[in-house]
Amino acid sequence: MAATSIRRRFGRSVLTVAAVALAATLLTALVTIAGTARTKVLSELSKGGPLSGINVAAAEADPTQVDTDDPKPGPPKDLDDSIRAKITAMPDVKSVLPIVAAVVNVIVPEPPANAEVLARQPPLPDTIATTTSAPQSTTNSTSPRQAVPGLKTPDPFPETMVGIDLDRASLMPITILSGRLPVPKSLTEVAVTQGYLTRMGLTKKQAAAVVGTEVQLGAPRVFTDTGLPRRFRSRWVRATIVGVVAQETAPGQFIVSLEQSRAARNWTSAGSDAEGRVQIPTSPYSGLFVIANDIEKVNQVRRDITELGYSTSAPENLVASVQRYLRVVEIVLGAIGAIALVIASMGIANALLAAVRERRREIGVLKAIGARDRDVQRVFLFEAGVLGLVGGIVGTALGYATALGVSAVVNGYLAAQGLKGVRLGLPILVLLAAVCGSTLLALGAGAMPARRAARMPAREAMEAA
Amino acid sequence: MGVAITLRGLSHTYRTAEGPLTVLGGLDFDVADGGYAAITGPSGAGKTTLLSLLGGLEQPQKGRIEIGGQDLNGLSGDDLAAYRRATIGFVFQHFGLLETLTAAQNVELAGTLNGTSPAERRARALELLHAVGLADRAGHRPSRLSGGERQRVAIARALVNEPRLLLADEPTGNLDDDASVMVIELLEKVRADHGCTLVMVTHNRELATRAEQRIPLDRGQRVAV
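All figures in this text were calculated on a predicted structure; none of them were measured in a lab. (Residues numbered from 1 in each chain as written. Chains lettered and ligands numbered in written order. Predicted model: local features only at pLDDT ≥ 70, side-chain atom pairs only at ≥ 80, totals over all residues. Heavy atoms only, no water.)

Novice: Looking at this model, I keep getting lost on the overall build of chain B. Mind explaining?
Specialist: Of the regular secondary structure elements, chain B holds seven helices and 10 strands. Going through the 225 residues of chain B one by one, you find that 56% of them count as buried. The long-range share in chain B, meaning contacts at least 24 apart out of those at least 6 apart in sequence, stands at 71%. (Helix = DSSP H or I, 4+ residues; strand = E, 2+ residues; numbered from the N terminus. Buried < 20%, exposed > 50% of the residue type's maximum accessible area, 1.4 Å probe, protein only. Contact = heavy atoms within 4.5 Å.)

Encoded structure:
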């Protein structure tokens, strides 16, 4: 009966549904966009890695700084497998990823003709030959470009290569800006950071220009043979740049496989410290990237690691602040949508009140043939619910489509700015809440007209007949 | 199977902007089980109010109404609805059909309220439409039916729950003479077939003479025939 009533007053029903749909559209679009913006901003903050990540340095902790995002590390302190195992066993720790950094000399893109180069094919270093020639080409899957127009050729410079577990790189705070990451265990591929682009005189937009070029990385070693003068030699590796990344795992412009950085580190460690002129690393890991089970657990895990004596850093305060601001934005946008829904529900109430007035005879007939008050009430509530449900479904679909449209425009803008686009998630909960909310609000709006219809004296209804 | 009607000292007053308006003032009468009564009188005599009280659309204010031994004075809300559903069949002057429903759906409507299954309701509706000679118009909406046909559909709907008291409010008021006769004859046939009590409000003196009992009203009082 309610369905036929909706059909009979088709024009009015369509307008009422349209009002609800419009409100649901607004609510869904605003909340979806706000939610996605939040994710995107937080993702940017964490540079692609999980927000619950903690950097553990091979350095002593200052317990007074555990609540600061980026505390100053204390004196060096070895970070080995036993510590890694202890951290892994901590409650609320999801994963522990090793970081091995090694200092290298860098030649870009070709070494000077007089450079002293140890040309080695990995794995190293069983036999080492001294040579003054350029490093031999290494085998890789990317055809190296020998020169890129406009690229500077800087002088050899010292830098740090950061070795990570490339199999689990997606868990680390690394965002690919161009190209890709080196393949796991590769000894001939490297990704560079924006710092490298700056050194090359390139902007972020020009990141693709360095992909495919070569770089030579030389791990230094000091030889102090008895009776001979001290000699500095490097273990050179020619690698192809396969990608440009933004990363916050550890300071360093080169992201390589753990195997690559370990080989460099071992080479350097096997030499002399040249009476303190060269820093010989003693810690098996230069850092660990610890992922807590939840962003709320980050602080507790940091405290636990600090108790072990290691310095940690995590953007928890920054993330929390941004989360708070974005939450406020989300609430404001959601409130705008909710206000629209309330206005639409008033439209439903108005339409139903008009229907009650028009249908006095119908109500009277229903009562005369034995309908109870609640039967009459149910008819009008059902009608309100149907209007709300249909409006909610249509509006939610339109809202999501609108959000998709907005994200396409935003992505166009971001792409023009050389930034990564936003991928709009499917916020199932938001969609469900919009549909259910529309229906519930419509039922709420229909309650008063339905009650009025139910309480209509049967006698008056009969007189209207 | 019909019901006997007993009214004693029935009074009813409406509150209006101009003050209280007494429409029934101490009415007494009886209708026998299975009887046929015609309530007549000019406009404002209290005919429709009386029919509303008999049909349980209103609670009696003063006096006593007994329908089939059941005292209506103690009933309200759901009890009155149950009474209407189980005992009463209404036929209105303006038919009271829902324009959005077909003839069969209008007849079925009464069955939906007492929990009859859809299949049973449908079968019963078609059976009743057949009985009133409208089997071939079951799928038609009221707007496609003539006045007489609409009233026959209304009578079929009134019979769905096998009422013991059939209340007809000016059932021929909107019909031409031929249709009026057809409808009255149908009501009388229903009464004869089902044995229900029939109480009809009418302005039409000729139709009123067909009833076994005439209850003429004027200003809420019973007057002499």
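After that view, the rundown keeps rolling.
Novice: Any chance you could explain the overall build of chain A here in plain terms?
Specialist: A tally of helices and strands in chain A yields 11 helices and 10 strands. Looking at the 465 residues of chain A, the share that counts as buried comes to 51%. Within chain A, contacts between residues at least 6 apart in sequence are counted, and of these 81% link residues at least 24 apart.

Novice: Would you take a moment to explain the sheet that holds strand 2 (residues 19–31) of chain B for this structure?
Specialist: Strand-to-strand pairing in sheets goes through backbone hydrogen bonds, with the strands running parallel or antiparallel. Residues and elements named next belong to chain B. If you walk across this open sheet you meet the four strands as 2-1-4-5, and the pairing is antiparallel. A strand with exactly one partner marks an edge of an open sheet, and here the two such strands are strand 2 and strand 5 (70–71). The pairing of strand 1 (residues 5–16) with strand 4 (residues 62–67) spans five bridges and is antiparallel. For leucine 7, the partnering residue across the bridge sits in strand 4 and is isoleucine 65. Those strands touched by helix 1 (residues 47–54) are strand 1, strand 2 and strand 4, and its axis lies near 120 degrees from that of strand 1. (Pairing = 2+ DSSP bridges. Axes fitted to C-alpha atoms, helices over the stretch in contact; angles between N-to-C directions.)

Novice: Explain the environment of A:Leu27 here, please?
Specialist: Residue and element names in this part refer to chain A. Looking at the secondary structure, you find leucine 27 in helix 2 (residues 10–45). A C-alpha to C-alpha distance of 7.2 Å links leucine 27 and isoleucine 336, two positions 309 residues apart in sequence. Once residues within four sequence positions are removed from consideration, leucine 27 is found in contact with Gly334, Gly337, Ala338, Leu341 and Ala434.

Novice: What exactly am I supposed to notice about the side chain of B:Thr172 here?
Specialist: Looking at the element boundaries, B:Thr172 is found in the loop between strand 7 (165–169) and helix 6 (177–194). Look past the residues within four positions of B:Thr172 in its chain and what remains in contact with it is B:Ser180, B:Val183, B:Ile184 and B:Leu207.

Novice: Looking at this structure, I do not really get a nonpolar patch on the surface. What am I missing?
Specialist: All names here are of chain A. A surface patch of nonpolar side chains, about 310 Å² in accessible area, is lined by Leu26, Val328, Val332 and Ile336. With three residues, helix 7 (residues 316–358) is the largest single contributor of residues to the nonpolar patch. As for its position among the elements, valine 328 is in helix 7. (Patch = residues over 30% accessible without salt bridge, like charges linked within 9 Å, V, L, I, M, F, W, Y side chains within 5 Å. Areas by Shrake-Rupley, 256 points an atom, 1.4 Å probe, with all protein chains shown as cover. Salt bridge = Lys/Arg side-chain N within 4 Å of Asp/Glu carboxyl O.)

Novice: I'm lost on unusual backbone geometry in this one. Help?
Specialist: Note: most residues except glycine have negative phi, and most peptide bonds are trans. Residues and elements named next belong to chain A. In this model, aspartate 92 sits at a positive phi of 70 degrees, which is unusual for a non-glycine residue. Judged by relative accessible area, aspartate 92 falls into the partly exposed class, the value being 24%. With phi around 70 degrees, lysine 185 is a residue other than glycine that occupies positive phi space.

Novice: For this particular structure, what's the right way to read the packing of helix 5 (residues 147–158) of chain B against helix 6 of chain B?
Specialist: Packed helix pairs are characterised by how far apart their axes lie and by the angle those axes make with each other. Residues and elements named next belong to chain B. Contact pair helix 5 / helix 6: the axes reach a minimum separation of 9 Å and the direction vectors enclose 15 degrees. Taken together, the axes of helix 5 and helix 6 lie roughly parallel to each other. In this structure, the crossing between helix 5 and helix 6 has a hand that is right-handed. In this structure, helix 5 contributes Gly148, Gln151, Arg152 and Ile155 to the contact, and helix 6 contributes Ala179, Met182, Val183, Leu186, Leu187 and Val190. Here the contact of helix 5 with helix 6 is built from residues that sort into seven nonpolar, two polar and one charged. (Parallel < 35°, antiparallel > 145°, perpendicular 65-115°, else oblique. Left-handed = near helix turned anticlockwise from the far one by under 90°. Nonpolar A, V, L, I, M, F, W, Y, C, P; charged D, E, K, R; others polar.)

Novice: Hey, could you run me through the interface of chain A and chain B in this one?
Specialist: Interface size is commonly expressed as the accessible area that is lost once the parts come together. Tallying the contact residues gives 19 residues for chain A and 25 residues for chain B. Overall, the association of chain A and chain B removes approximately 2100 Å² of surface from exposure, summing both partners, and the carbon and sulfur fraction of that is 65%. Along the contact surface separating chain A from chain B lie one salt bridge. For A:Arg374, the salt bridge identified is with B:Asp78, shortest N-O distance 2.7 Å. Where chain A meets chain B, there are four residue pairs in polar contact (both at pLDDT 80 or more). Within the residue set of the side of chain A that touches chain B, elements represented by two or more residues are helix 1 (2–8), helix 8 (360–368), helix 9 (373–416) and helix 11 (458–464) of chain A. Residue contributions to the side of chain A that touches chain B peak at six residues, all from helix 8 of chain A. In the side of chain A that touches chain B, the residues fall into nine nonpolar, two polar and eight charged. (Buried area = accessible area lost by both parts, 1.4 Å probe. Polar contact = N/O pair within 3.5 Å; in protein donor to acceptor, adjacent residues only side chain to side chain.)

Novice: Explanation requested: the environment of B:Thr16 in the structure shown.
Specialist: Counting through the fold element by element, B:Thr16 comes out in strand 1. In this structure the side chain of B:Thr16 is engaged in a polar contact, spanning 2.5 Å, whose partner is the backbone oxygen of B:Gly19.

Novice: Can you walk me through the sheet that holds strand 7 of chain B in this structure?
Specialist: Residues and elements named next belong to chain B. With mixed pairing, six strands are arranged side by side in an open sheet as 6-7-8-3-9-10. With one partner strand each, in any of the chains shown, strand 6 (88–91) and strand 10 (221–222) form the two edges of the open sheet. Pairing of strand 3 (residues 36–40) with strand 9 (residues 213–218) involves four bridges; the strand directions are parallel. Residue pairing across strands places alanine 37 opposite glutamine 213, the latter belonging to strand 9. Most of the contacts of helix 2 (residues 78–87) go to strand 6, to which it runs at about 80 degrees, and overall it touches strand 6 and strand 7.

Novice: Can you help me understand the pattern of salt bridges in this one?
Specialist: Side chains that differ in charge, positive against negative, can pair when their charged atoms come close. All names here are of chain A. A full pass over the atoms with the stated rule returns 18 salt bridges over all chains. With its nearest N and O atoms 3.8 Å apart, the salt bridge here joins lysine 185 to aspartate 167. With lysine 185 in the loop between strand 4 (174–179) and strand 5 (189–193) and aspartate 167 in the loop between strand 3 (157–164) and strand 4, this pair connects stretches of sequence that are 18 residues apart. Both residues of the pair, lysine 185 and aspartate 167, belong to the exposed class.

Novice: What should I look at first to understand the packing of aromatic side chains in this one?
Specialist: Two measures describe an aromatic ring pair: the distance that separates the ring centres and the angle between the ring planes. For the coordinates displayed, the defined rule picks out three aromatic pairs over all chains. Ring centres 5.5 Å apart and planes at 70 degrees place the aromatic pair A:Tyr196 and A:Phe254 in the edge-to-face group. With A:Tyr196 in helix 4 (residues 194–199) and A:Phe254 in strand 8 (residues 254–257), this pair connects stretches of sequence that are 58 residues apart. Centre to centre, the rings of B:Phe90 and B:Phe92 are 5.5 Å apart; their planes meet at 5 degrees, and the pair counts as stacked. Taking NZ or CZ as reference, A:Lys77 lies 4.8 Å from the ring centre of A:Tyr310, over its face. The positively charged end of A:Arg199 is found above the aromatic ring belonging to A:Phe157, 3.6 Å away from the centroid. (Phe/Tyr/Trp six-rings, centres within 6.5 Å; stacked < 30°, edge-to-face > 60°. Lys NZ or Arg CZ within 6 Å of the ring centre and 35° of its normal.)

Novice: I would appreciate a short explanation of the nonpolar core in the present structure.
Specialist: One finds A:Phe380, B:Val107, B:Leu129, B:Val153, B:Ile155, B:Leu166 and B:Leu187 to be the most contacted residues of the largest nonpolar core, which totals 68 residues. Once residues lying within four places of it in the same chain are set aside, the contact partners of B:Val107 are B:Ala125, B:Leu128, B:Leu129, B:Val153, B:Ala156, B:Arg157 and B:Val160. Among the nonpolar cores identified, the runner-up in size contains 34 residues, and B:Leu10, B:Val31, B:Ile65 and B:Leu72 belong to it. (Core = buried A, V, L, I, M, F, W, Y, C linked by side-chain atoms within 4.5 Å.)

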